[in-house]
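Observations on the model geometry
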Amino acid sequence: MADITITERQAGDVTILDLVGKVTIGEGSVALRNTIRRLLGEGKNKILLNLGGVGYIDSSGIGELVSSFTAVKKEGGVLKLLSLTQKIQDLLAITKLLTVFDTFDDEPSALASYN
Amino acid sequence: MRQIELPSRIESVDEAAMMADEYAKSCGCSDEITFAVDLAIRESVANAVKHGNKFDESKTVHLTLHDKPDGFEITVRDFGTGFSVEDIPDPTDAENLLKANGRGILFMRSFMDEVEWENPADGGLKVKMLKKR
């Protein structure tokens, strides 16, 4: 079974990725990287990562979030995070990455922030 | 106590975490301890496979799990060239925030109560971690 499933939805010009599973070293991180690269290749650079279904993330997964953020920014876009679990929030706090990412608890507020 | 020898491949990270989870639960560890142990094992075994043994499958990773009266102790040893932990840049410094790597040791230090590294005389690197009860 795959570590992670990534489902893509579109809300206006924002692409929402619903992540379910683990974002860890190996398959989970690679799947996220490939999806972000593909979206940027398609010119989609407003991306919202819904992490509500992510039960586990390790330092590689956190690194992949950072790489995704910088890759999207480099293409003139914005990547934001939605529905962080308490554990992910704790890890982002420890790494001081809560100061880097825009994070949201609910989808309407997240989508409104792109306007 | 449980001693495990793992091959130097990424799949060993999941394998080590599953064995540790099973052992920690059989010892009656709390959810908090089990979570910390899981995270510390994943980070330290990934470091041993990637940075220590550099995916060389002729080298193994040695993992020891020990449920002691004062807490749950983990040791992870690789057989690479070793390194000094002090040389790892602080990932929370402003200039390192957007780097993709270098947060594993921070996680280990944040979730375990004691973390020590040693360079054994016969090579490699050994990390010993304790999560207190």
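Look above for the structure.
One structure accompanies this document, and this report is about it. Given the structure is predicted, the values throughout are model-derived calculations rather than measurements. (Residues numbered from 1 in each chain as written. Chains lettered and ligands numbered in written order. Predicted model: local features only at pLDDT ≥ 70, side-chain atom pairs only at ≥ 80, totals over all residues.)

1. Some remarks on the environment of M19 of chain B
Using the following cut-off: In DSSP terms, a helix is any run of H or I states spanning at least four residues, a strand is any run of E spanning at least two, and both are numbered starting from the N terminus.
In this structure, M19 of chain B sits in helix α1 (residues 11-26). When the C-alpha atoms of M19 of chain B and A100 of chain B are compared, they prove to be 28 Å apart, with 81 residues separating the residues in sequence.

2. Side note on the packing of α1 of chain B against helix α2 (residues 31-52) of chain B
Residues and elements named next belong to chain B. Inclusion rule: Each axis is a line fitted through C-alpha atoms, and for a helix only the stretch in contact is used; angles between axes span 0 to 180 degrees, taken between their N-to-C directions. Oblique is the label for any angle not covered by the other classes, which are roughly parallel (under 35 degrees), roughly antiparallel (over 145) and roughly perpendicular (65 to 115). Rotating anticlockwise by less than a right angle from the far helix to the near helix defines a left-handed crossing, while the corresponding clockwise rotation defines a right-handed one. Remark: residues whose backbone-derived C-beta atoms lie within 7 Å of one another are considered to be in contact.
Their axes nearest at 9 Å, the elements α1 and α2 cross at an angle of 150°. In terms of orientation, α1 and α2 fall into the roughly antiparallel class. When you trace α1 past α2, the crossing you get is right-handed. On α2, the residues that touch S12, V13, A16, A17, A20, D21, A24 and K25 of α1 are I33, T34, V37, D38, I41, R42, V45, A46 and V49.

3. Examining the interface of chain B and chain A
Note the cut-off: Side-chain classes are defined by residue name, with Ala, Val, Leu, Ile, Met, Phe, Trp, Tyr, Cys and Pro counting as nonpolar, Asp, Glu, Lys and Arg as charged, and the others, Gly among them, as polar.
With 16 residues of chain B at the interface, the matching set in chain A holds 16 residues. Elements with a contribution of two residues or more to the side of chain B that touches chain A: α2 and α3 (104-111) of chain B. With four residues, α3 of chain B is the single largest residue contributor to the side of chain B that touches chain A. Considered class by class, the residues forming the side of chain B that touches chain A number nine nonpolar, four polar and three charged.

4. Description of the nonpolar core
Heads up, the rule is: Structurally, a nonpolar core is described as a collection of buried Ala, Val, Leu, Ile, Met, Phe, Trp, Tyr and Cys residues joined by way of C-beta atoms within 7 Å. The exposure scheme places C-beta atoms from the backbone and then counts, for each residue, the other C-beta atoms within 10 Å of its own, assigning buried at 20 or more, exposed at 12 or fewer, and partly exposed in between.
Core analysis: the biggest nonpolar cluster contains 32 residues, and A16, V37, A40, I41, V45 and I74 of chain B have the highest contact counts within it. Listing elements by their share of this core, those giving two or more residues are α1, α2, β2 (60-68), β3 (71-78), α3 and β5 (125-132) of chain B. No other element matches α2 of chain B, which puts ten residues into this core. Excluding anything up to four places from it in sequence, V37 of chain B contacts A20, A24, F72, I74 and K131 of chain B. Listed in part, the 30 residues of the second largest apolar core include I6, L19, L48 and L97 of chain A.

5. Observations concerning the pairing of β5 of chain B
Residue and element names in this part refer to chain B. Put simply, the test is: Pairing between strands is defined by DSSP: at least two bridges between them are needed.
The two faces of β5 differ: L125, V127, M129 and K131 on one face are buried, but K126, K128, L130 and K132 on the other face are not. Where β3 lies against β5, eight bridges are found, and the strand directions are antiparallel. Paired with G71 across the bridge in β5 is K132. Of the strand pairs in this sheet, strand β4 (residues 114-118) and β5 are connected by five bridges, and their pairing is antiparallel. When the sheet's bridge partners are listed, E114 is paired in β5 with L130. Between the antiparallel neighbours β4 and β5 lie six residues, among them G123 with a positive phi of about 100°.

6. Details of the sheet that holds β5 of chain B
Residues and elements named next belong to chain B. Pairing is antiparallel across the open sheet formed by five strands, whose spatial order is β1-β2-β3-β5-β4. At either end of the open sheet lies a strand with only one pairing partner, and these are β1 (2-7) and β4. Taken pair by pair, the neighbouring strands of this sheet meet at an average axis angle of 15°, ignoring direction. With seven bridges connecting them, β2 and β3 associate as antiparallel partners. When the sheet's bridge partners are listed, H66 is paired in β3 with E73. Where α1 meets the sheet, it contacts β1, β2 and β3, and its direction lies at approximately 165° from that of β1.

7. With respect to unusual backbone geometry
Of note, the phi angle at S83 of chain A is positive, near 55°, even though the residue is not glycine. Looking at the element boundaries, S83 of chain A is found in the loop between β4 (78-82) and α3 (86-94). The class of S83 of chain A is buried, set by 20 C-beta atoms lying within 10 Å. Unusually for a residue other than glycine, K54 of chain B sits at a positive phi of about 50°. Inspection of the secondary structure puts K54 of chain B in the loop between α2 and β2.

8. Describing the sheet that holds strand β1 (residues 4-11) of chain A
Either a parallel or an antiparallel arrangement is found when strands of a sheet pair, and the pairing is made through backbone hydrogen bonds. All names here are of chain A. Here five strands make up an open sheet; going across it, the order is β1-β2-β3-β4-β5 and the pairing mixed. The sheet is open, and its two edges are formed by β1 and β5 (103-104), each paired on a single side. Note: strand β3 (residues 46-57) against β4, five bridges, orientation parallel. Each residue of the ladder has a partner; that of I47, found in β4, is L79. Packing against the sheet, helix α2 (residues 59-74) makes contact with β2 (14-23), β3 and β4, and its axis sits at approximately 145° to β4.

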